[in-house]
Amino acid sequence: MPSIGHALQLSLYDIRGYAVAYLDTDQQMTVYLWDGQPVAYVDGQSLYGFNGRHLGWLKNRVVVDHDGYAVGFTESVIRRRTRVERIKGLQQLTPLKALPQLEPMEPLQAGGWSDVPLDVFLSMGRN
C-alpha cells in the first residue's frame, strides 16, 4: 500500500457495498470493525489478526483471502455501489499483537468474490 502522509481512515466495504470495517492509518494500520473493535492490522501488504493469524492481503485497496478471492474493498476501487455509512462505534483499546504466522505464498487473483462475509473474515483475527 502506498505511503500515506496524514492520518486517514479507509472504509472497508463488503460485497453488498456496506461499510463493515475501516483501516486507521493513524493507529498503526489497525483494522477495526465498524463497532470499534480492533481485529487486525496491515503489515506491508499482509493482513494479520491480533491473534497472530495471517488472514490475507490488502492489495491495491482490495482485501484478498488465501484463495485469491476478494473479500472487501475500499470505495472507488471496484465499480460497485456503496451504501451510506453508519456512525462508527468508539475505538476500543488495541490488543497486543501475537507472534505472527509466516506469510503463505500469495495466490493468483481468482477474479471472484469469497463466500465468507468481510466481517466474519476479519473477526477470525480476534484475540
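Residues numbered from 1 in each chain as written. Predicted model: local features only at pLDDT ≥ 70, side-chain atom pairs only at ≥ 80, totals over all residues. Heavy atoms only, no water.

Student: Explain the confidence of the model for the chain to me, please; I cannot follow it from the model alone.
Tutor: Close inspection of predicted coordinates is inappropriate for parts of the model with low pLDDT. In this model, the chain carries a mean pLDDT of 90, and residues with pLDDT of at least 70 account for 94%. Taking the mean pLDDT of every element in the chain, the minimum, 94, falls on strand E1 (residues 9–13) and the maximum, 98, on strand E5 (residues 46–49). (pLDDT = per-residue confidence, 0-100. Helix = DSSP H or I, 4+ residues; strand = E, 2+ residues; numbered from the N terminus.)

Student: Is there a simple way to think about the pairing of strand E8 (residues 70–73) in this case?
Tutor: The two faces of a sheet get side chains in turn, since along a regular strand they alternate between them. One ladder, built from 3 bridges, connects strand E7 (residues 62–64) with E8; its direction is antiparallel. By the bridge assignment for E8, Val63 is matched with Gly72. Taken together, E7 and the strand that follows it, E8, pair antiparallel across an intervening segment of 5 residues, in which Gly68 is found at a positive phi of about 90 degrees. (Pairing = 2+ DSSP bridges.)

Student: I would appreciate a short explanation of the pattern of salt bridges in the present structure.
Tutor: When the charged atoms of two side chains lie near each other, side chains of opposite charge can form a pair. For the structure shown, the criterion picks out 2 salt bridges. Among the salt bridges present, the one from Asp14 reaches Arg16, with a minimum N-O distance of 3.2 Å. Asp14 sits in the buried class, given a relative accessible area of 7%. (Salt bridge = Lys/Arg side-chain N within 4 Å of Asp/Glu carboxyl O. Buried < 20%, exposed > 50% of the residue type's maximum accessible area, 1.4 Å probe, protein only.)

Student: Hey, could you run me through the nonpolar core in this one?
Tutor: Nonpolar side chains in soluble globular proteins tend to be buried together. With 18 residues, the main nonpolar core has Ala21, Val31, Leu47, Val63, Leu118, Phe121 and Leu122 as its most contacted residues. Mapped by element, the contributors of at least two residues to this core are E1, strand E2 (19–24), strand E3 (30–33), strand E4 (38–43), strand E6 (54–59) and helix H1 (118–123). Contacts of Phe121, omitting those with residues within four sequence positions, involve Leu47, Leu55, Gly56, Val63, Val64, Asp65, Val71 and Val116. (Core = buried A, V, L, I, M, F, W, Y, C linked by side-chain atoms within 4.5 Å. Contact = heavy atoms within 4.5 Å.)

Student: How should a nonpolar patch on the surface be read in this particular structure?
Tutor: Together, Val116, Val120 and Met124 make up an exposed nonpolar region whose accessible area comes to about 200 Å². Counting through the fold element by element, Met124 comes out in the segment after H1. For Met124, a relative accessible area of 30% gives the class partly exposed. (Patch = residues over 30% accessible without salt bridge, like charges linked within 9 Å, V, L, I, M, F, W, Y side chains within 5 Å. Areas by Shrake-Rupley, 256 points an atom, 1.4 Å probe, with all protein chains shown as cover.)

Student: Would you mind going over the packing of aromatic side chains with me for this structure?
Tutor: Ring pairs (aromatic) are described by centroid distance and by the angle formed between their planes. Under the counting rule described, the total for this entry stands at 6 aromatic pairs. A centroid spacing of 5.4 Å and a plane angle of 20 degrees characterise the contact between Tyr22 and Tyr32, whose relative ring orientation is stacked. Placement of the pair is Tyr22 in strand E2 and Tyr32 in strand E3, with a sequence separation of 10 residues. One exposure class covers both Tyr22 and Tyr32, and it is buried. Through successive ring pairs, a cluster of aromatic residues spans Tyr13, Phe73 and Trp113. Directly above the aromatic system of Tyr41 lies the positively charged group of Lys97, at a separation of 4.1 Å from the ring centroid. (Phe/Tyr/Trp six-rings, centres within 6.5 Å; stacked < 30°, edge-to-face > 60°. Lys NZ or Arg CZ within 6 Å of the ring centre and 35° of its normal.)

Student: For this particular structure, what's the right way to read the side chain of Asp65?
Tutor: Of note, Asp65 is situated in the loop between E7 and E8. Here Asp65 sits buried without a salt bridge, and the closest side chain of opposite charge, Arg53, lies 10 Å off (N-O distance). Side-chain polar atoms of Asp65 contact the backbone nitrogen of Asp67, separated by 2.9 Å. A distance of 3.0 Å separates the side chain of Asp65 from the backbone nitrogen of Gly68, its partner in a polar contact. (Lys, Arg positive; Asp, Glu negative; His and termini not counted. Polar contact = N/O pair within 3.5 Å; in protein donor to acceptor, adjacent residues only side chain to side chain.)

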